[in-house]
Amino acid sequence: MNIDVRPVSPALGAEVVGVDLSQLNDKTFGLVHDALMAHQVLFFYDQDLSTVQHISLAQRFGEVEPPHPMFPHVEGEPRVSLLKNDRENPPFNDNWHTDVTFKESPPMGVVLRCVQTPDVGGDTIWSSMTAAYDSLSKQMQDLLSGLNAVHDFATGFRKSKLQRDDFEERLQKAATENPPVTHPVVRRHPATGRLGLFVNSGFTSHVEGLPREESDSLLAMLYAHVQRPEFQVRFRWQKNAVAIWDNRCTQHYALGDYYPATRIMHRVTILGDRPVH
């Protein structure tokens, strides 16, 4: 394969051309992996992957996570989350977040495939947490590097717009099975060694050791900071497009501007390690 990696934003993101994700040999996968470490999120077009091929691709990066506690799944394969939004099931991921940080070991990454996209809208935006950290003053970096924050499943899903008949039952069960965890506010990437912010408005409830007013103010500043356009890349989906992102150093926002049109995505999540500074 003649691979061409085309950066689409200075902070993060690259389109990869010349790759068939269903037929990756070790050498080609190594190039894709290196590109992911360099660009944090990769985009591929025209990848008509079966469910089995989708899972196999994710498994090249690591062990696949068990079924998500709240999302429905593709028929016959609980490891593939079905993200279907339409008039009856409004978009629910239209907020900045890093996936599943309520776990002691949040995911390493995600492989997301577009099954159906609306005629217009439904883009996803990613923001680089390493770029966001690097742009802070030395004084703020030093302050944040000594802090830990609590991440709570219920913080995100209690205000979710996810429509399921058994939502409340699943919410209570998942909240019990996923008690709050503590992660460093600044995380060191285990592969690249780069430091990045590791708080998000989806699941971070508060900074440990600070009065609530100080914690809320500090987190509000950081949440606004990571939304700066300089740290972002935006992707317009097409059917059979695939995005692979490094969940350890990014946040993302799935726009809900297409409602009430239909958008269908299949998601496979890859197990990660416990964050450390």
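1. Some details on the overall build of the protein
For the protein, the helix and strand inventory stands at seven helices and 16 strands. If one aligns the C-alpha atoms of the protein with their principal axes, the spans along those axes are about 50 × 45 × 35 Å. Long-range pairs, those at least 24 residues apart, make up 82% of the contacts in the protein with a sequence separation of at least 6. As displayed, the protein offers around 12500 Å² of accessible surface, 48% of which is attributable to carbon and sulfur atoms. Each charge class in the protein can be summarised by its mean position, and for the 27 positive and 34 negative side chains these summaries are 1 Å apart.

2. Section: the sheet that holds strand β9 (residues 181-184)
The three strands are arranged β9-β8-β12 in an open sheet whose pairing can be described as antiparallel. The two strands at the open ends of the sheet, each matched to only one other strand, are β9 and β12 (204-207). Neighbour-to-neighbour, the strand axes of the sheet open up by a mean angle of 35 degrees, direction not taken into account. Both strand β8 (residues 148-151) and β12 contribute to a ladder of three bridges, which runs antiparallel. Each residue of the ladder has a partner; that of Ala 149, found in β12, is Val 207.

About the cut-offs
- Residues numbered from 1 in each chain as written.
- Predicted model: local features only at pLDDT ≥ 70, side-chain atom pairs only at ≥ 80, totals over all residues.
- Heavy atoms only, no water.
- Helix = DSSP H or I, 4+ residues; strand = E, 2+ residues; numbered from the N terminus.
- Contact = heavy atoms within 4.5 Å.
- Areas by Shrake-Rupley, 256 points an atom, 1.4 Å probe, with all protein chains shown as cover.
- Lys, Arg positive; Asp, Glu negative; His and termini not counted.
- Charge placed at Lys NZ, Arg CZ, Asp CG, Glu CD.
- Pairing = 2+ DSSP bridges.
- Axes fitted to C-alpha atoms, helices over the stretch in contact; angles between N-to-C directions.

It is worth stressing that arrangement in space is one thing and function is another; only the former is reported here.
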